[in-house]
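Coordinate inspection notes
One-letter residues, chain by chain:
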Amino acid sequence: MTELKKSSFFKSLLRIFPIFLLYLAVFNEFDANYMNLKYLSFNFAYILIFFWTLKKINYFGYGLIFIAGIINDVVTGMPLGLSSFSYMLLCGASSYLRSITIKPNIVKDWFFFLVTISTVNSIYFMILSLIFLIEIDYIFLLINNFFTFLLFFFFYFIFNFYYEKFIAKSDV
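Described below are features of the structure shown in this document. (Residues numbered from 1 in each chain as written. Predicted model: local features only at pLDDT ≥ 70, side-chain atom pairs only at ≥ 80, totals over all residues. Heavy atoms only, no water.)

1. Quick word on the packing of helix α3 (residues 44–55) against helix α6 (residues 106–130)
Stated formally: With axes taken as lines fitted to C-alpha atoms, and helix axes fitted only over the stretch in contact, angles between N-to-C directions fall between 0 and 180 degrees. Counting from the N terminus, the helices are the DSSP runs of H or I reaching at least four residues and the strands are the DSSP runs of E reaching at least two. Under this scheme an angle from 65 to 115 degrees is roughly perpendicular, one under 35 degrees roughly parallel, and one over 145 degrees roughly antiparallel; angles in between are oblique. Less than a right angle of anticlockwise turn of the near helix away from the far helix marks a crossing as left-handed, whereas a clockwise turn marks it as right-handed. Two residues form a contact once any of their heavy atoms are found within 4.5 Å. Residues are sorted three ways: Asp, Glu, Lys and Arg are charged, Ala, Val, Leu, Ile, Met, Phe, Trp, Tyr, Cys and Pro are nonpolar, and all the rest, Gly among them, are polar.
Contact geometry for α3 and α6: axes closest at 11 Å, N-to-C directions at 125 degrees. Our classification of the angle between α3 and α6 gives oblique. Considering the relative orientation of α3 and α6, their crossing is right-handed. Taken together, the residues of α6 that come into contact with α3 (itself represented by Tyr46, Ile47, Phe50 and Leu54) are Asp109, Phe112, Phe113, Thr116, Ile117, Val120 and Asn121. Among the residues forming the contact of α3 with α6, the class breakdown is eight nonpolar, two polar and one charged.

Written as structure tokens, this is what we have:
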């Protein structure tokens, strides 16, 4: 295993794994409705983008995130560029938090994530309803925000473990 950790190919694979997860999330458009749970929904792409742009934007470039948003719009049938706009707003918020934070704190990051996704989703759904006249299910919006907020805390520990174990050590 130590030979694999020293391999530059293995290091490259470990660095692009979060990007692979993002593209898997936008191509698949995971929703718990596959499990016949009516109102269990969360936005895994938001969690990925917020965490990785907060931690280390070098491995999660803005161009790749923009393209992921375009792909998400094509897969979901939404107006082209709207998800990219939302993802860029999310990137801007996490970049702002990264620049003002002296000592990272999970609880502060978690509540800032709630404010950010609420704002981004509100802008997203306002554009959908006011410009494109698409009807919005507000219960779904609230439940999606709530579960995305709750699951961020869980995924934060998983992604942080992955970051510390594989990426931060390889940067040294």
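After presenting the structure, the write-up continues.
2. Concerning the environment of Asn28
Residue position: Asn28 is located in helix α2 (residues 8–28). Along the backbone, Asn28 and Asn72 are 44 residues apart, and their C-alpha atoms lie at a distance of 8.9 Å.

3. Thoughts on unusual backbone geometry
Convention followed: Type-normalised accessible area, obtained with a 1.4 Å probe on protein chains alone, sets the label of each residue: buried when under 20%, exposed when over 50%, and partly exposed for intermediate values.
We note that Leu133 has phi near 55 degrees; this positive angle belongs to a residue other than glycine. In this structure, Leu133 sits in the loop between α6 and α7 (138–171). Leu133 sits in the exposed class, given a relative accessible area of 70%.

4. A word on a nonpolar patch on the surface
Filter applied, for reference: In this scheme, patches are assembled from residues that exceed 30% relative accessible area and form no salt bridge. Like charges are connected within 9 Å, while nonpolar side chains (Val, Leu, Ile, Met, Phe, Trp, Tyr) are connected within 5 Å. The Shrake-Rupley method, run with a 1.4 Å probe sphere, supplies the accessible areas, and residue values consider only the shown protein chains as cover. Every case where a carboxyl oxygen of Asp or Glu lies within 4 Å of a side-chain nitrogen of Lys or Arg is listed as a salt bridge.
Residues Met126, Leu130, Ile131, Phe132 and Ile134 make up a contiguous nonpolar surface patch of about 510 Å² in total accessible area. Position of Ile134 relative to the elements: it lies in the loop between α6 and α7.

5. Thoughts on α3
We count it as follows: Here a helix's expected span is defined as the number of its residues, less one, multiplied by 1.5 Å.
Between its terminal C-alpha atoms α3 stretches 17 Å, which fits the 16 Å expected from twelve residues at 1.5 Å a residue. Counting buried positions over the twelve residues of α3 gives eleven, a clear majority of the element. By the burial criterion, the buried members of α3 are Phe44, Ala45, Tyr46, Ile47, Leu48, Ile49, Phe50, Phe51, Trp52, Thr53 and Leu54.

6. Topic: the packing of aromatic side chains
The condition is simple: Pairing of aromatic rings covers Phe, Tyr and Trp, the last counted by its six-membered ring, and requires centre-to-centre distances within 6.5 Å; plane angles under 30 degrees mean stacked, over 60 mean edge-to-face, and any other angle means tilted.
Under the definition given, this model contains 27 aromatic pairs. Between Phe113 and Phe152 the ring centres are 4.3 Å apart and the planes differ by 20 degrees, which places this aromatic pair in the stacked class. Of this pair, Phe113 sits in helix α6 while Phe152 sits in helix α7, and the two are 39 residues apart along the sequence. For the pair Phe113 and Phe152, one class covers both residues: buried.

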